[in-house]
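Here is how the chains run, residue by residue.
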Amino acid sequence: MGKINADDVQFLKRPQGQDAQADRSLTETVHQIIEQVRTRGDAALREYSAKFDQTTPDQFEVSEAEIERALADLDPQTRKDSEFAIAQVKRFAEAQLATMKPLEVETLPGVHLGHRIIPIQTVGCYVPGGRYPILSAPVMSIVPAVVAGCDEIIACLPPGAHPAMIAICHLAGAHRIFKVGGAQAIAAMAWGTESVPAVDKVVGPGNAFVNEAKRQVFGKVGIDALAGPSEIYVITDDSADPRMLAADLLAQAEHDIHTRVGMATTSPRIASETLAEIERQLETLPTAATAGEAWKRQGEIVVCQDEEQLIAWADHIATEHLQVHTRDPHATAGKIRNYGSLFIGQNASVVFSDKCCGTNHTLPTMAAARYTGGLWVGAYVKICTHQWIDDHGIASVAEPAVRQSRTEGMQAHRRAAEIRLRPQDIDLITGGKCDQ
């Protein structure tokens, strides 16, 4: 099937869409924050900390004593569970890194090409505060940087973040931790201040201000991606369990009232039963105020004609998390190409990746899965090419380079190639007598 759009499918429940009255001054506000931090450093950080976080830390960097206190106060079982998550993310990142190999190849006699895998020197990991202390958040951004071999790993988190987040940043492998949040943290990591070092790349999710700040500093530093609100979609046939579908959709809906929560199915029965089950489960869900609002605003249920249309719709929405609940989920999954991360079969809930199974939960949103994957160990390394050419190689590549340069009128290029082809005629070549 070719391109598909919303007019091609049947909606049992249609989302309201994003609020058209959203703050249109966001871009300018963030620009001002960045400029203030860039020009005034720590002084601006103190002002924004007082304004946005209602606190001004004595110092921005978390001290060794604060780290020890956070570790001591960390619930023992929470620490064990976090260390389990760290181990799983590390294991998977190590396996991913092992697939990336240095390269040396002789493409023509005497022409040697290759690449090296070089860790980014300094990375900044933004750790969001938000509605919940999501303990897996620092694990997902810091552990792959450790595995990649980055020299310095900086973590920034809001001053009001739960103390357990400081402990997890340390356990995950951050070298330095700073109590700076929001757009000002992104600006500080991009430009550097008296306290916060400048980094080479910024990673990690955050709110709309953090996202906009990452967009504006891109170029000065690298970024992983621009992340919108969380998303989950489930595609099903008539074999799915509506209770499980509802539970998984609401699990993501409790993140934020802007979470996109949806399902597409070939079964009208599953569609209607899941809709009823979501309403039933919301009645007893402690976080129903958030999850219910997200479902009301952004929830959608789509009925497709057949599996072909179901696959086409999945590729069209290119969602962050895509669960596949069909009779042969592996076969269905193999036909889909646009997703942040794929959850194959009813046992593979998004919640396991969110917390501890090992895949990274920082993933593309807003249909960016059409052109990129999520955060992974490869985001923390550079693949840098090199070449060396012996005298035999010159015979293979110099003449084409000379001819192409002459055709393009780039005579300095032509000279640089011809000097190597005929070094005995160097005076003639550089004297301009052959420049035509």
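Coordinates for the structure precede this section.
It should be emphasised that the depicted structure is a prediction, and the values quoted were computed from it without experimental measurement. Counting restarts for each chain: residues are numbered from 1 in the order of the written sequence. Whole-chain, interface and lining totals are the exception, using all residues; otherwise, since this is a predicted model, local features are given only for residues with pLDDT of at least 70 and side-chain atom pairs are given and counted only at 80 or more. As a rule here, side-chain values come from all non-hydrogen atoms in the structure, and water together with hydrogens is ignored.

Asker: Could you give an account of the overall build of the chain, naming the residues involved and the relevant values?
Answerer: Of the regular secondary structure elements, the chain holds 17 helices and 14 strands. Expressed along its principal axes, the backbone C-alpha trace of the chain runs to roughly 90 × 60 × 45 Å. For every residue, the accessible area obtained with a 1.4 Å probe (protein chains only) is divided by the maximum for its type, and the residue is called buried under 20%, exposed over 50%, and partly exposed between those limits. Taken across its 436 residues, the chain has 47% of its residues classed as buried. Whether two residues are in contact is decided by their heavy atoms: any pair within 4.5 Å suffices. Residue pairs at least 24 apart in sequence account for 71% of intrachain contacts in the chain once pairs closer than 6 positions are excluded. Note on areas: Shrake-Rupley, 1.4 Å probe, and residue coverage restricted to the protein chains presented here. Surface summary for the chain: the accessible area is close to 21,000 Å², and the carbon and sulfur share equals 51%. Of the charged side chains in the chain, 41 are positive and 55 negative; the average position of the first set lies 3 Å away from that of the second. The numbering of helices and of strands both runs from the N terminus, where a helix is a DSSP run of H or I of at least 4 residues and a strand a run of E of at least 2. Neither His nor the chain ends contribute to the count of charged residues, in which Lys and Arg are positive and Asp and Glu negative. Every charge is mapped to an atom, namely NZ of Lys, CZ of Arg, CG of Asp or CD of Glu.

Asker: So what's going on with the sheet that holds strand E5 (residues 152-157)? Which residues, and what values?
Answerer: The five strands are arranged E6-E5-E4-E7-E8 in an open sheet whose pairing can be described as parallel. The sheet is open, and its two borders are formed by strand E6 (176-179) and strand E8 (222-223), each paired with just one other strand. By the bridge criterion, three bridges tie strand E4 (residues 122-126) to strand E7 (residues 201-203) in an arrangement that is parallel. Looking at the pairing, Val123 lines up with Lys201 of E7. Any two strands with at least two DSSP-identified bridges between them are counted as paired.

Asker: Please give an account of the nonpolar core that cites residues and values.
Answerer: Remark: nonpolar core denotes a set of buried residues (Ala, Val, Leu, Ile, Met, Phe, Trp, Tyr, Cys) joined through side-chain atoms within 4.5 Å. With 40 residues, the main nonpolar core has Val123, Ile142, Ile177 and Tyr380 as its most contacted residues. Mapped by element, the contributors of at least two residues to this core are helix H3 (64-73), helix H4 (76-98), E4, helix H5 (136-148), E5 and helix H6 (163-172). When sequence neighbours within four positions are dropped, the list of residues in contact with Tyr380 reads Ile118, Pro119, Ile120, Val123, Met140, Ser141, Pro144, Ala145, Ala148, Cys150, Val203 and Leu375. Core analysis: the next-biggest nonpolar cluster, separate from the first, contains 28 residues, Ala44, Tyr126, Val210 and Val217 among them.

Asker: Tell me about the pairing of strand E10 (residues 260-265), residues and numbers included.
Answerer: E10 sits mainly inside the fold: five of its six residues count as buried. With six bridges connecting them, strand E9 (residues 231-236) and E10 associate as parallel partners. Paired with Tyr233 across the two strands is Gly262, which belongs to E10. A crossover links E9 with its parallel partner E10, the connecting element being helix H9 (residues 242-253), and its sense is right-handed. Relative to strand E11 (residues 300-303), E10 runs parallel, the two being bridged by four bridges. Following the sheet pairing, Gly262 is matched in E11 by Glu300. For crossovers, right-handed means that the path from the first strand over the helix to the second runs clockwise, given strands pointing away from the viewer.

Asker: Tell me about the packing of aromatic side chains, and please be specific about residues and values.
Answerer: Aromatic contacts are taken between Phe, Tyr and Trp rings whose centres are within 6.5 Å, Trp giving its six-membered ring; a plane angle under 30 degrees counts as stacked, one over 60 as edge-to-face, and the others as tilted. Enumeration according to the criterion identifies two aromatic pairs in this entry. An angle of 85° between the planes, with centres 6.1 Å apart, marks the rings of Phe11 and Trp313 as edge-to-face. Separated by 302 residues along the polypeptide, Phe11 in strand E1 (residues 10-13) and Trp313 in helix H12 (residues 307-317) bring together distant segments of the chain. Phe11 sits in the buried class, given a relative accessible area of 18%. When its relative accessible area of 2% is taken as the criterion, Trp313 is described as buried. Plain terms: the ring middles of Tyr48 and Phe52 are 5.7 Å apart, the flat faces sit at 5° to each other, and that makes the pair stacked. Pair noted here: Tyr48 and Phe52 are both in helix H2 (residues 42-53), with a separation of four residues, about one helical turn. Its relative accessible area of 37% is what places Phe52 among the partly exposed residues. Geometry around Trp295 places Lys13 over its ring, the cationic atom sitting 5.0 Å from the centre. Two conditions define a charge sitting above a ring: the NZ of Lys or the CZ of Arg must be within 6 Å of the ring centre, and it must be within 35 degrees of the ring normal.

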